[in-house]
Each structure stands twice: as structure tokens, then as C-alpha cells.
Amino acid sequence: MSAVTTWRLKTSPIVGTDAGTQQPTRVFEENSHDTEVATSLKCAKVILYSIMKTELIKDILTSAPDARTVTVCGWVRTIRDSKNLVFIQVNDGSCFASIQLTFDRSNPANSNNAENIEKALKELSTGASLKATGKLIESPASGQSVEVNLETLIVLGKCPSDYPIQKKAASMEFLRDNAHLRARTNTFGAVFRMRSQMAFALHTFFQERGFYYINTPEITCSDCEGAGEMFQITTLSLEKLAETAIEKGAAGMKKEDAAKLVNYSKDFFGKQASLTVSGQLEAETLATALGRVYTFGPTFRAENSNTTRHLSEFWMCEPEMAFFDLEDDMDIQEDFIKYLLNWALTKCTADMEFFNKRIQPGVIDTLRHVVETPFKRVSYTEAVAELEKHADDFEFKPYWGCDLATEHERYLTEKIYKCPVMVYNYPKEIKAFYMKLNDDGKTVKAVDVLVPGLGEIIGGSEREESYDKLLGRIKELGLKPEDYDWYLDLRKFGTVPHSGFGLGFERLLLYVTGMQNIRDVIPYPRAPKLADF
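Cut-offs applied
Residues numbered from 1 in each chain as written. Predicted model: local features only at pLDDT ≥ 70, side-chain atom pairs only at ≥ 80, totals over all residues. Heavy atoms only, no water. Helix = DSSP H or I, 4+ residues; strand = E, 2+ residues; numbered from the N terminus. Buried < 20%, exposed > 50% of the residue type's maximum accessible area, 1.4 Å probe, protein only. Lys, Arg positive; Asp, Glu negative; His and termini not counted. Salt bridge = Lys/Arg side-chain N within 4 Å of Asp/Glu carboxyl O. Polar contact = N/O pair within 3.5 Å; in protein donor to acceptor, adjacent residues only side chain to side chain. Contact = heavy atoms within 4.5 Å. Expected span 1.5 Å × (residues − 1). Pairing = 2+ DSSP bridges. Axes fitted to C-alpha atoms, helices over the stretch in contact; angles between N-to-C directions. Patch = residues over 30% accessible without salt bridge, like charges linked within 9 Å, V, L, I, M, F, W, Y side chains within 5 Å. Areas by Shrake-Rupley, 256 points an atom, 1.4 Å probe, with all protein chains shown as cover. 1 Å grid on protein atoms, 1.4 Å probe; cavity = no way out; pocket = protein on both sides within 12 Å on 5 of 7 lines; lining within 4 Å. Points joined across faces, edges and corners; volume = space filled by probe spheres on them. Arc of directions from axis to C-beta.

Caption draft 1: View of the side chain of Asp-92. Counting through the fold element by element, Asp-92 comes out in the loop between strand E4 (85–91) and strand E5 (99–104). Buried within the structure, Asp-92 lacks any salt-bridge partner; its nearest side chain of opposite charge belongs to Arg-193, at an N-O separation of 7.1 Å. Within the local environment of Asp-92, its side chain forms a polar contact with the backbone nitrogen of Ile-57, the two atoms lying 2.9 Å apart. Polar contacts involving the side chain of Asp-92 include one to the side chain of Ser-94, which spans 2.6 Å. Aside from chain neighbours lying at most four places away, what touches Asp-92 is Glu-55, Leu-56, Ile-57, Cys-73, Gly-74 and Trp-75.

Written out as C-alpha cells, the structure reads:
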């Protein structure tokens, strides 16, 4: 019989603990021919390898200075050579802080390897990558509790002097031009860690409340918003269409007949198709079967807008809930925002402190105010009446029937009510076709969540569950009923009251981080004339 190897699996790495101290889950034969056993053995090896290979700097920094040997991998932030002492700041992206590696030429921790360390030091510069081992000891420097006394140093990747990310400050525009490297800066490392945390918090919130995560298509043949600002998808040859147009024009075809040259039946999907602006309509189909669902993924809008608040590709979170009316919808929206902001404040403290100090002073107090304050709920009519009292304070004068601008939204939250505000019952003319009509025939059961310092952060509504009313709205707005047959079926077969909302993920990140440009909270922004990387 072959030798037996015992593999003990860990559910999570425990700093300062050997893998062999964990509870054994199973004993395997190293050369077993049992497929299940062999597969499990391979998984065990992979897990143990990933645990033992390196440690994250965030875990090392919270360890006791017990003189154990640690392995550090990361990128050099700074090097300071002071005669006999060398200090290297290394960051691996796992946290805001870097760890300090020290090398004492007069008293090296590993005298047998001192010459190799000196050779490696000559190849190090800001941006270079390294792998180092050494004893974890107490640090005499302020601001850090531990440091690593170097025993070995290997340069994994050199970094030449034209490295764009230097210690000196760089403009946001410069960093956008170098978006493939900007995550290595303090600012963008913090932003993208926060992006990860907010995505995790989002999923956790809904999973804790009985929601199912669903995936809706990115390619669609219907326009959810009815705005028409969509990216068209086609495999038809534009060059061939241009040649045909020239020929037909020369033969006397009139300009108004030019559209007839485009035959979508010959296109890939057999009809006109676009990138989606929302997964809401498809999400409703699953909500009317699973009860509570949410989507989270990229959406697209071909709006030719070059502002600090608009992207052409952005992520949306869109929950849909069967048997929820507008009040239920507003309740969960308030809970959701408070949950996300509290997560940032309590689980991302180092990054939040950086944002508060370097990006937007006061952002922590702003978020805490939203978390701790009940949201004010006012009708659109009431909100406009209050704004009209201060009409001279606005560039765009408010009136009943106008779409509230950012200046109006912020005025409501920062001047009039001094708290987060939920505005509901909007005029139907400025809202989408699927929103439920109120009995007055003039307004719909829509709601926007407004927060101080930003304005709108969530938009939602109770959905129209009446087949006849929904069909009427589709026709009223000039949409094609045949494109929405499947959506109308939800009102035909067992219709129920249901509601939902949408959260623009990048807008949330703007608010949490205090960043001023939405292009700086997504790794590779897409906007008019901008599709680099």
C-alpha cells in the first residue's frame, strides 16, 4: 500500500499558525486511484500552497512581533539608504499601509546572505517588485508596530527610471492617461479596494434578506428607459451600406427613403439590437417567479455627455420585489443606503481616513450623518413648492413638471430639510413608461433618494401591474407594443403589485470616497471619445 499523507485544510489563513495545527478533515492516500479522493487531494495541495507561499501585508501588520520568519511580496514605494541602515517601504495592495523592510549593514540578520542583499538593493527602485523574507520584529518607528528585519531579498521585476508613478504628486488627468498603473497609487488603491468592499456589501445585504442574485442580458431588443440613447449592435457592413447608398443616391433615391437600405432581418439577431441600459425589465420576470431578486452588472448609455458625472459604461444594482408597494420600496432603499455607508465606515477605516484627510475633508461626518438620520419623505409637489420659495437661488428655476436638477436635489437635502430626502409621486411625463399611475392620472409612484453632497443616489418606483394601463403608456410614448409582448405577459398571467429600484454603483462610490470625477471610481472608464485600454 502506498504511503498515506494527511492533509489538514484550513477554512481561512490564521496568521502565526502552521497549517498542520488545524482540524483534519480527511485522510487520503497519495497515490489513490479513487477520482473523488484524487480531486480532493489536488484541492488540498492548492489550498495549502496558497496559504504557505506568502502572507498579505495587511495580515502581517496586525501580527505580534514574535520574531517569526515571514515572506513579503509586493512593490517598492520608497527606498531610503542611510549609511549602515536601509529602509524599504513595500505595498502589496492588500491594505493602505505599507510594511517596512530594514537592513542593518553593521549587524545583518543573515550575515551569510548580506552580499546577495547588497546586490539586490542596487537593482531596486520605486515600482520594482520583490520577494523578501526576514524576522518580524517590533518597530521603533512611529506609525507602525512591526517591521521585517531582512534575511533574503529577491528582485522579481526591475523598474526603470521612466516609471510614471513616482513619489511626487501627479494630477488626476495624468493618472487617467496611465490608468493601467494608477491602482499602484495611494488614492486609487484605496478607491478600488472600496469598490470591492461596496460590491461585497451589496451582495451581503440582499443575500441576508432572501434575495436571489440573477444575471440579465447585456444585449437587448427593447429600450427599458424609452430614451433611445443606446449603443447599437450590428454585424451589417457599414462600408457596404455606404457604397449602396452612394449608388442608390446617384440613381435618384430620395434622402427620406435612405433608411430602407438597412435590412435588419439580415443582421445577426434578425432585428435591431443594442447594449442594454438596464436589466430591470428582465429582472421583473424573475421577481414574479422567485419573489425577490437583484441584478448587478454593467449597463450602457450612448449619451454624448462629457461631464464628471456621466459614463457610457457603468454598473447598476437593480433589485425587484414581488408584493412590494411604494412604501415597502422606500423602506428597503433607506435600509440599503445606510447598510452600505455603515459598512464603509466600520470595515474600511484606513481607506476612509485617507479619503477624509486627502480627498474630501468631512466625508466621514457626511456618511455618518446619513447613517444616523431618518430619511425625510416628501411628495414631488411639496418639494417643488419649497424650492419655488427660493427660486432666486437657482440657475434653473424650479416649477411643477420640471425634472429636478442636481442643484435642486442638493438644496432640498442641505438647505431645506438638512437630511437625506426621498421625493415621491413624480409627474408621469418625466418618468418611464413602466411606473404605476396614481389615481390622479397625472403622477406616478416613483421615488428618488437624495443625499447631502451628491443629490440623487437611487431611483425607483412601484411598477404598473395593470395590463391595460401599461399598454396605454407604451403606446402613449410611441414605443412598439410588439417589442414588449413578453413584458406585458407578466400583467396578463398572475399579475402582482411589485416594485424595484436602481443604484448607480459608480455614483455610490463617488459619494463614499469623495472623489470628484466618476471616471476615477471605475478602473477603465468609457465615455465619448474615450475607450483606451
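Caption draft 2: Quick peek at helix H8 (residues 326–347). Taking 1.5 Å per residue as the helical rise, H8 with its 22 residues ought to reach 32 Å, and the 31 Å between its terminal C-alpha atoms agrees with that figure. Taking the backbone nitrogen of Glu-327 as reference, a side-chain oxygen 3.1 Å away marks Asp-325 as the first, capping residue of H8.

Caption draft 3: Region of interest: the sheet that holds strand E17 (residues 455–462). Spatial strand order, E8-E12-E13-E18-E17-E16-E15-E14: eight strands in an open sheet with mixed pairing. Two strands bound the open sheet, and with one partner strand each, they are strand E8 (212–213) and strand E14 (376–379). In this structure, E8 lies alongside strand E12 (residues 292–300), joined through two bridges in parallel fashion. In the strand pairing of E12, Tyr-213 is matched with Tyr-294. Helix H11 (residues 380–388) rests against E14 and strand E15 (421–427) of the sheet, and its axis sits at about 90° to E14. Strands in contact with helix H15 (residues 505–513) are E12, strand E13 (313–322), strand E16 (443–451), E17 and strand E18 (498–504); relative to E18, the strand with the most contacts, it is inclined by about 55°.

Caption draft 4: The pattern of salt bridges, seen in detail. Counting across every chain of the model gives 30 salt bridges. A salt bridge links Arg-105 to Asp-81; its shortest N-O distance comes to 2.9 Å. Of this pair, Arg-105 sits in the loop between E5 and helix H3 (114–123) while Asp-81 sits in strand E3 (residues 69–82), and the two are 24 residues apart along the sequence. Exposure remark for Arg-105: the relative accessible area of 28% places this residue in the partly exposed category. Given the relative accessible area of 49%, Asp-81 is considered partly exposed. One salt-bridge network, in which partners are shared between bridges, spans Glu-327, Asp-331, Glu-334, Lys-338 and Arg-377.

Caption draft 5: Up close: the environment of Thr-285. With respect to the secondary-structure elements, Thr-285 resides in helix H7 (residues 280–290). Given the relative accessible area of 26%, Thr-285 is considered partly exposed. The sequence separation of Thr-285 and Leu-490 amounts to 205 residues, and the corresponding C-alpha distance is 6.9 Å. What Thr-285 contacts, discounting residues up to four positions off in sequence, is Trp-486 and Leu-490. A polar atom in the side chain of Thr-285 sits 2.5 Å from the backbone oxygen of Glu-282.

Caption draft 6: The arrangement of a nonpolar patch on the surface in detail. A cluster of nonpolar residues, Tyr-212, Leu-286 and Leu-290, forms a patch on the protein surface that exposes about 280 Å² of accessible area. Mapped onto the fold, Leu-286 is located in helix H7.

Caption draft 7: The arrangement of the pairing of strand E6 (residues 129–138) in detail. As paired strands, E3 and E6 are joined by seven bridges and run antiparallel to one another. Bridge assignment links Cys-73 to a residue of E6, and that residue is Lys-131. Direction of pairing for E6 relative to strand E7 (residues 146–157): antiparallel, over a ladder of 10 bridges. Looking at the pairing, Gly-134 lines up with Leu-150 of E7.

Caption draft 8: Layout of the pairing of E16. Of all nine residues that make up E16, eight are buried, and the element is covered over most of its length. Sheet topology places E15 next to E16; six bridges connect them, and they run antiparallel. Note on E16: the bridge partner recorded for Met-422 is Val-449. The loop that links E16 with its antiparallel partner E17 comprises three residues; one of these, Gly-453, has a positive phi angle of about 90°.

Caption draft 9: Representation of unusual backbone geometry within the structure. Residue Lys-83 is not a glycine yet carries a positive backbone phi of 55°. Relative to the helices and strands, Lys-83 is located in the loop between E3 and E4. With a relative accessible area of 74%, Lys-83 lands in the exposed category. Even without glycine at this site, Phe-323 takes up a positive phi of about 70°. Its place among the elements puts Phe-323 in the loop between E13 and H8. Owing to a relative accessible area of 61%, Phe-323 belongs among the exposed residues under this scheme.

Caption draft 10: Molecular detail of empty space enclosed by the protein. In the structure shown here, the tally under the stated rule is one cavity of 30 Å³ or more. Put simply, the largest cavity is a space of about 40 Å³. Around the largest cavity sit Thr-220, Ser-222, Asp-223, Cys-224, Thr-276, Val-277, Ser-278, Leu-281 and Glu-282, which together line it.

Caption draft 11: Spotlight on the environment of His-203. With respect to the element layout, His-203 can be found in helix H5 (residues 186–207). Exposure remark for His-203: the relative accessible area of 22% places this residue in the partly exposed category. Taking the C-alpha atoms as reference, His-203 lies 8.8 Å from Phe-296; in sequence the two are 93 residues apart. The residues touching His-203, leaving out its near neighbours within four places in the chain, are Tyr-213, Tyr-294 and Phe-296. In this structure the side chain of His-203 is engaged in a polar contact, spanning 2.8 Å, whose partner is the side chain of Tyr-294.

Caption draft 12: Examining helix H10 (residues 363–372) more closely. For H10, every residue scored as buried is listed here: Val-363, Ile-364, Leu-367, Val-370 and Val-371. The buried residues of H10 occupy an angular sector of 130° when projected down its axis, which confines them to one face. The exposed residues of H10 that point more than 90 degrees off its buried face are Asp-365 and Glu-372. Summarising the contacts, the buried residues of H10 are in contact with H8, helix H9 (349–359) and H15.

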